[in-house]
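Observations on the three-dimensional arrangement
Chain residues, written in single-letter form:
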Amino acid sequence: ESELLRRIVVERCRPSDVGAALQALEAATDWKEAAQTGRAVPEQGVDEVYDAAVEAVEAAEGRLQDYLKEVRSRYGPSISLISLNKDSHLLEVSEGLAGRLGAEFSLVGNRKGYKRYTTSKLRSLVADHDRAVERREEALGSNLARLVVRFVSHRPLWVALVEAVAEVDALMSLAAHALAPPDGGVMCRPQLLPPQRGGEGCGAFFHASSLRHPAGICGRNNGAFVPNDVHLGPWPAEAGAGAGEGAAAACGSSSSSSSSPLVLLSGPNMGGKSTLLRQVCLATVLAQVGAFVPAESLVLSPADAIFVRMGARDSILTGQSTFFIELAETAAMLARATCDSLVVLDELGRGTATMDGAAVAGAVLEHLAANTRCRGLFATHYHHLSDEHASDPRVAVMHMGCAVEGEEGGSSPPAAAAAAAAEGGEEVTFLYRLTHGACPKSYGTNVARLAGLPPGVVTRAAQVSADWDRQRSNKQQGGREEEEEEGQQAKGGNDAMEVDG
C-alpha cells in the first residue's frame, strides 16, 4: 500500500466526479454515429436550444399536414404534397381534378397526367417550415461547440486528472526500470543523509559503489558497461550498516574517513570521462526524485542544484563565440553554486589558446576548491593541473584507465614501439575504469587513427607529438638539474661561511 498512490488516485483523480462528467458527455449524443457522419446530434433533453428547434420544425410540418387535409376535404383525397429540387411542398393534382380548383391555386408545373399548384397560404406555411429547419440546422451546427463548452467547464477536473496520470506514468516507468533495468544489473535504493557539517569543508558527499549509466548503454563495440566507484566528500557517520559498506571501505579505512569533494579527471580521448560525469548527475537526480539507482549502493547528501558545463556551441545571431558561451555558463555556475551543489565541468578552456584555456581552467578549479567548496567533477586534458593538485587534499587526482601498446618510454618492447610509431603512435585500449592518479597523456592520435584520418596524417601527428613530449621532458629535466646545482652551490656557500666563522 502506498500513501502517495492513494492520494493520486483517490484525492486528485476523483474517480466519482470524473465518472459522472464522462457519463453525462457520453449520453449527450450518439458518438459512433457522430464519428461516421461528422454531425453530433444531441439526444432529447440534452440541449434545450436544439430541442426547441426540433419542436418548431415538427409544428411547421404539422401545419402543412393540416392544410393538406383542408384541401383534400374540399377536392378529394387524391391530392398530395410533393417536393422537387428547390421547390418543396407542392400540391400535385390529377388533370381531371385540376379544372375544379379555385382561383387561389397557381400552376407551378406538370407531368403526364398531373399538374402541380401552390397557394399564398401554402407559400407562407412553407416559408415558416424552411425557417424552422434553418434554425434547427444552426442549433445542430453549434451543438458540438456547446459540447466542447460543457467539457471545458470541467477544466480543473481534467487538469488534475491529466497531471495525476502523468505522475502515475512517471512512477510506473521508474518502477519498471528498477525491476528490469536495460542492462540487467543491480539496482539500489539510495540513502539520502544530511551533509557532514563541521571542519574545513562543507560536508556534502556522494558515495556510489559500482555506479552504472541509467540508460543501460553498452561499452565500445557492444562490450559490457564498466561500473565505477565514485567518492566525493566525507563518509557520513549516519550511514546504516550494510548501506554502502564497500563504498565506505573504498573511501577509507573507517566510516569516519573522508575523500576529496572534487575530482580532477584526466584520461584518453573517448576514455569515458564525459559518460562518468553524466552518470553522477543522473544518479543524483534519480536519487532525489525517489527512484532506484543503477549501482550496488549510493549514499549522498541532497544537492540544492546541479550545474553542468559540457559540450561546445556558439550563438551566431548574438555574436557569441564558443569560448564566450563556455565562460558565461561557467560564470553563472560560480555565481550561483553553493557548498551543497553538484558541479560538473567537462574540458573547460578548450575554446581558446592552450595557455589561456589552461589558466582559466586552473583558476576556476581553485575557486571551486577554495571558495565554493562543493562536490564536483572536473574533466580536463590540461595535465599540468594534475601535477599542481597532486598533494591538494581538496582535489582527488584521478583518470580513466587505459592500456597503451607501443608507448615511448613505456613497458612495450622497442620493436613494438617502433611499429606503433610507424603506424601513427600508440594503440590505446580503453578500460573505462576510474583510477587514482593522473593520466600522462590524452592519446589524441589514437582517436585520429580510429576516426579514419589518412595514415600519413596520423603518423606525422604522432611524430610531432612525440617530439614535443621529448622537448618538454628535456626542459623539465634541465630545470630540475639547475635547481639541484643551485642547491648544492648554496649548501657549499653555507659550509664555507661556517668554516670562516
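The protein has the name DNA mismatch repair proteins mutS family domain-containing protein in an unreviewed UniProt entry, where Astrephomene gubernaculifera is given as its organism. As stated in UniProt under Sequence similarities (unreviewed entry), the record for the protein gives "Belongs to the DNA mismatch repair MutS family."

With that out of the way, let us pick up the packing of aromatic side chains. Within the structure shown, the criterion is met by four aromatic pairs. Consider the rings of Tyr75 and Phe105, whose centres lie 5.6 Å apart with planes at 85°: the pair is edge-to-face. Within this pair, whereas Tyr75 is found in helix 4 (residues 48-75), its partner Phe105 is found in the loop between helix 5 (95-98) and strand 3 (106-111), the two being separated by 30 residues in sequence. The exposure class of Tyr75 is buried, given its relative accessible area of 11%. Between Phe151 and Trp158, the aromatic rings sit 4.8 Å apart at their centres with planes inclined by 15°, giving stacked as the arrangement. Overall, the relative accessible area of 38% leaves Phe151 in the partly exposed class. Judged by relative accessible area, Trp158 falls into the buried class, the value being 10%. Grouped by ring-pair contacts, the aromatic residues Tyr75, Phe105 and Tyr117 constitute a single cluster.

Along the chain, Val93 turns up in strand 2 (residues 87-94). Taking the C-alpha atoms as reference points, Val93 and Arg116, separated by 23 residues in sequence, lie 6.1 Å from one another. Residue contacts for Val93: discarding those within four places in its chain leaves Ile79, Ala98, Leu101, Gly113, Tyr114, Lys115 and Tyr117.

Here helix 12 (residues 354-372) is 19 residues long and its end C-alpha atoms lie 25 Å apart, about the 27 Å a rise of 1.5 Å per residue gives. In this structure, the buried residues of helix 12 make contact with strand 8 (262-266), helix 11 (322-336), strand 11 (342-346), strand 12 (375-379), helix 13 (384-388) and strand 13 (395-405). Taken from the residues just after helix 12, Arg373 is the one with a positive phi, measuring 55°.

Regular strands place side chains that alternate from one sheet face to the opposite one. Of the pairings in the sheet, the one linking strand 1 (residues 80-84) to strand 2 comprises four bridges and is antiparallel in character. Bridging across to strand 2, Ser80 finds its partner in Glu92. Taking the residues between adjacent antiparallel strands as the criterion, strand 1 and strand 2 are bridged by two residues, where Asn85 takes a positive phi near 50°. Note that strand 2 and strand 4 (residues 114-118) share four bridges and pair antiparallel. Within strand 4, the position partnered with Val93 by the bridge is Lys115.

When two helices pack together, their arrangement is given by the angle between the helix axes and the distance between those axes. At a closest axis distance of 12 Å, the pairing of helix 11 and helix 12 adopts a crossing angle of 10°. For the element pair helix 11 / helix 12, the angle class is roughly parallel. Of the residues in helix 12, those touching helix 11 at Phe323, Leu327, Thr330 and Leu334 are Val360, Val364, His367 and Leu368. Broken down by class, the residue content of the contact of helix 11 with helix 12 amounts to six nonpolar, two polar and no charged.

Turning next to the packing of helix 6 (residues 120-141) against helix 7 (residues 143-152). Across the interface, helix 6 lies against helix 7 with an axial gap of 4 Å and an inter-helix angle of 35°. Of the residues in helix 7, those in contact with Ala139, Leu140 and Gly141 of helix 6 are Asn143, Leu144 and Arg146. Of the residues belonging to the contact of helix 6 with helix 7, the class tally is three nonpolar, two polar and one charged.

Attention now moves to the side chain of His399. Within the secondary structure, His399 sits in strand 13. Given a relative accessible area of 12%, His399 falls into the buried group. In this structure His399 touches Leu265, Ser266, Gly267, Arg433, Leu434, Thr435, His436, Gly437, Ala438 and Cys439, once residues within four positions along its chain are discounted.

Our focus in this paragraph is the nonpolar core. Within the largest apolar cluster, 29 residues are counted, with the highest numbers of intra-cluster contacts made by Phe206, Leu211, Val230, Leu265, Val293, Leu298 and Leu377. When contributions to this core are tallied by element, the ones reaching two or more residues are strand 6 (206-211), strand 7 (228-232), strand 8, helix 10 (273-288), strand 9 (297-300), strand 11, strand 12 and strand 13. Looking at which element gives the most residues to this core, the answer is helix 10, with seven residues. Leave out the neighbours within four places in its chain, and Leu265 touches Lys273, Leu276, Leu277, Phe378, Ala379, Thr380, Met398, His399, Met400 and Leu434. Met333, Ala361, Leu365 and Cys374 belong to the second largest nonpolar core, which has 19 residues in total.

Glancing now at the pattern of salt bridges. Applying the stated rule across the entire model yields 17 salt bridges. Residues Lys121 and Glu70 are paired through a salt bridge, measuring 3.4 Å at the closest nitrogen-oxygen approach. Highlighted residues: Lys121 in helix 6 and Glu70 in helix 4, separated in sequence by 51 residues. Lys121 sits in the partly exposed class, given a relative accessible area of 43%.

Rules used in this analysis
- Residues numbered from 1 in each chain as written.
- Predicted model: local features only at pLDDT ≥ 70, side-chain atom pairs only at ≥ 80, totals over all residues.
- Heavy atoms only, no water.
- UniProt positions renumbered as here; feature names shortened; annotations may be inferred.
- Phe/Tyr/Trp six-rings, centres within 6.5 Å; stacked < 30°, edge-to-face > 60°.
- Helix = DSSP H or I, 4+ residues; strand = E, 2+ residues; numbered from the N terminus.
- Buried < 20%, exposed > 50% of the residue type's maximum accessible area, 1.4 Å probe, protein only.
- Contact = heavy atoms within 4.5 Å.
- Expected span 1.5 Å × (residues − 1).
- Pairing = 2+ DSSP bridges.
- Axes fitted to C-alpha atoms, helices over the stretch in contact; angles between N-to-C directions.
- Parallel < 35°, antiparallel > 145°, perpendicular 65-115°, else oblique.
- Nonpolar A, V, L, I, M, F, W, Y, C, P; charged D, E, K, R; others polar.
- Core = buried A, V, L, I, M, F, W, Y, C linked by side-chain atoms within 4.5 Å.
- Salt bridge = Lys/Arg side-chain N within 4 Å of Asp/Glu carboxyl O.

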